[in-house]
Amino acid sequence: HLAATTGGLADALDGPVDAELLEGAVGILRALVAGGPAEDIGDYPDAPRALRRTLELVGAAPSTAEQGLLAHDVLGLLADPEDGRTAHWAPEAREGLAELARSVLADPAWPAVVEAELRSDETFWAADQLAGELGIDSFPALLDRLRRDPFDRSWWNAVRRVDAARLP
């Protein structure tokens, strides 16, 4: 919250946005949506504007799983009528953000983004999470990680995805 408000996130997003600013915005907004013991998305007065602009930028050129997860997080936030954090937002803003987030997630570029990021140690966990949300099978990538490092922490995720068809 402090980064978004004192850093002028919404205003910064109105100007030219480079990859670094976009990734920073995605991280800040995901943290605000997740909430916690500190101030969250409901306490950020420019949240609808910052979310809209960030989702517009992501929709123009999806490039990281974290970006897709922000769109997913926004849908989850707006889908819960009991979540009072967005009750003070205009209904048009809520509907527009939900429509924009759905549009972002419908982009056919996501499978390629997920596949590329599943090969990276730095982005694997976000890619694995987004894969699950998009219905992309990341099980082969999990097995590949375990073949390379049998002590990798991927065991739990791999085991919970095993079904009869995947057993030898």
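Before reading on, note that the structure itself is shown above.
Residues numbered from 1 in each chain as written. Predicted model: local features only at pLDDT ≥ 70, side-chain atom pairs only at ≥ 80, totals over all residues. Heavy atoms only, no water.

Quick notes on the overall build of the chain
Rules: Numbering goes from the N terminus for both helices and strands, where a helix is a DSSP run of H or I of at least four residues and a strand is a run of E of at least two. Think of it in three bands: residues with accessible area under 20% of the maximum for their type are buried, residues over 50% are exposed, and the middle band is partly exposed, with areas taken using a 1.4 Å probe on protein chains only. Values of accessible area rely on a 1.4 Å probe in the Shrake-Rupley scheme; residue burial ignores everything except the protein chains shown. Residues scored as charged are limited to Lys and Arg (positive) and Asp and Glu (negative), so that His and the chain ends carry no count. Charge positions are represented by NZ for Lys, CZ for Arg, CG for Asp and CD for Glu.
Per the secondary structure count, the chain includes 10 helices and 0 strands. The helix and strand sequence of the chain, counted from the amino end, reads α-α-α-α-α-α-α-α-α-α. Considering only C-alpha atoms, the chain reaches an extent of 55 × 35 × 30 Å along its principal axes. Each of the 168 residues in the chain was classed as buried or not, and the buried ones make up 41%. For the chain, the exposed area adds up to about 9,100 Å²; of that, 56% sits on carbon and sulfur atoms. Side chains of the chain give 15 positive and 30 negative charges; the mean places of these two sets differ by 6 Å.

What to know about the environment of Leu105
For the record, the criterion: The contact definition used throughout considers only heavy atoms, calling two residues in contact when any of these lie within 4.5 Å.
Mapped onto the elements of the fold, Leu105 is located in helix α6 (residues 91-105). Sequence separation between Leu105 and Glu133 is 28 residues; the distance between their C-alpha atoms is 9.5 Å. Sequence-distant contacts of Leu105, defined by excluding residues within four places in its chain, comprise Gly68, Ala71, His72, Leu75, Trp110, Leu130 and Leu134.

Comments concerning the pattern of salt bridges
Inclusion rule: When a carboxyl oxygen of Asp or Glu is within 4 Å of a side-chain nitrogen of Lys or Arg, the pair counts as a salt bridge.
Across all of its chains, the model carries 12 salt bridges by this definition. The salt bridge involving Asp128 is made with Arg161; its shortest N-O contact spans 2.8 Å. Of this pair, Asp128 sits in helix α8 (residues 124-134) while Arg161 is found in the segment after α10 (155-160), placing the two residues 33 residues apart along the sequence. You can call Arg161 buried: its relative accessible area is 19%. Two residues, Asp152 and Arg145, come together in a salt bridge whose shortest N-O distance is 3.1 Å. For Asp152, a relative accessible area of 12% gives the class buried. Here Arg145 falls in the buried class, since its relative accessible area comes to 7%. Among the charged side chains, a salt-bridge network with shared partners connects Asp11, Asp14 and Arg49.

Here's the deal with the side chain of Asp73
Here Asp73 shows up in helix α5 (residues 65-79). Overall, the relative accessible area of 16% leaves Asp73 in the buried class. Other than its neighbours up to four places away in sequence, Asp73 contacts Arg30 and Val33.

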